[in-house]
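One-letter residues, chain by chain:
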Amino acid sequence: MPITSIAIGSPAEVGQADALKAALAEFISTLIFVFAGEGSGMAFNKLTSDGSTTPAGLVAASLAHGFALFVAVSVGANISGGHVNPAVTFGAFVGGHITLMRSILYWVGQLLGSVVACLLLKFATGGLETSAFALSSGVSSWNALVFEIVMTFGLVYTVYATAVDPRKGNLGTIAPIAIGFIVGANILAGGAFDGASMNPAVSFGPAVVSWTWSNHWVYWLGPFIGGGIAAVVYETFFISPNTHEQLPSADF
């Protein structure tokens, strides 16, 4: 069972050079991802008068986030594993592939990267609003929670299948593409309902900069539940005990 593989780690790990480098890589990757993703929505709004809520805007958001995540995962893969998402890090922790201490460093880097990206966007656009994630009319917080759980399950399951599984072989080379594709597809599926975050860091930066916290808990609880379930399912049914091992950060 994955739960038996959970490792807390040593407090000394927080000061290790490789852990700090990995956290910095997560900061930079998340900054790249959020700047492109959030920036595309701001640009579409400027060009089309709030057109990000239209079908064309949804497609644009899907493409921007899919392409940006492909790059963000790729550039961080050899250093930190290219998580770019606290829910992905949590899934790796539940599966025993990263310690809690290193996870905390990753979470700090990811959240700071998102906030800095939104601050840079606000400054570069002359003060345009970095819109926080919000629920559409007629969508309750519980509806959105289900969306976030299911979409993040799909994302973290994809991460496990293409990047974590020890038997992945050459499939690992397309992991960033597959991860970008599933995020883009999920945005098309859920973007019209709750914005399709799947990533607490992506939601956190705009919320901080715009200071908008309505239903913000959904964008934390949903992804963490979905990511945790995906880790448990994949570890339990598809990674046998004799293939399980602590993965170095260079691999994930």
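As the structure is a prediction and not an experimental result, all values here were calculated from the model.

Rules used throughout
Residues numbered from 1 in each chain as written. Predicted model: local features only at pLDDT ≥ 70, side-chain atom pairs only at ≥ 80, totals over all residues. Heavy atoms only, no water. Helix = DSSP H or I, 4+ residues; strand = E, 2+ residues; numbered from the N terminus. Expected span 1.5 Å × (residues − 1). Buried < 20%, exposed > 50% of the residue type's maximum accessible area, 1.4 Å probe, protein only. Core = buried A, V, L, I, M, F, W, Y, C linked by side-chain atoms within 4.5 Å. Contact = heavy atoms within 4.5 Å. UniProt positions renumbered as here; feature names shortened; annotations may be inferred.

Here we look at helix H2 (residues 55-77)
The end-to-end C-alpha distance of H2 is 33 Å, a good match for the 33 Å that 23 residues give at a rise of 1.5 Å each. For H2, the complete set of buried residues consists of Gly-57, Leu-58, Ala-61, Ser-62, Ala-64, His-65, Gly-66, Ala-68, Leu-69, Ala-72, Val-73 and Gly-76.

Description of the side chain of Thr-130
Here Thr-130 shows up in the loop between helix H4 (100-124) and helix H5 (141-164). Its relative accessible area of 1% is what places Thr-130 among the buried residues.

So, the nonpolar core
Within the largest apolar cluster, 40 residues are counted, with the highest numbers of intra-cluster contacts made by Phe-33, Leu-69, Leu-155, Val-159, Tyr-160, Ile-187 and Met-198. Elements that contribute at least two residues to this core include exactly helix H1 (17-48), H2, helix H3 (86-94), H4, H5, helix H6 (175-194), helix H7 (200-210) and helix H8 (218-238). Among the elements that take part in this core, H5 stands out by supplying seven residues, more than any other. If sequence neighbours within four positions are ignored, Leu-69 has contacts with Phe-33, Val-84, Ile-179, Gly-180 and Val-183.

Here we look at the UniProt feature "transmembrane region" (unreviewed entry) in the protein chain
UniProt's entry tags residues 104-124, 144-164, 171-193 and 217-239 with the feature "transmembrane region" (unreviewed entry), counted in the numbering of this structure. As a span, residues 144-164 carries 100% helix and 0% strand, and end to end its C-alpha atoms are 28 Å apart.

Here's the deal with H8
The end-to-end C-alpha separation of H8 is 29 Å, in line with the 30 Å expected for 21 residues at 1.5 Å each. Among all positions in H8, only Val-218, Tyr-219, Gly-222, Pro-223, Phe-224, Gly-226, Gly-227, Gly-228, Ala-230, Ala-231, Tyr-234 and Glu-235 are buried. Turning to H8, the residues buried within the fold contact H3, H4, H5, H6 and H7.

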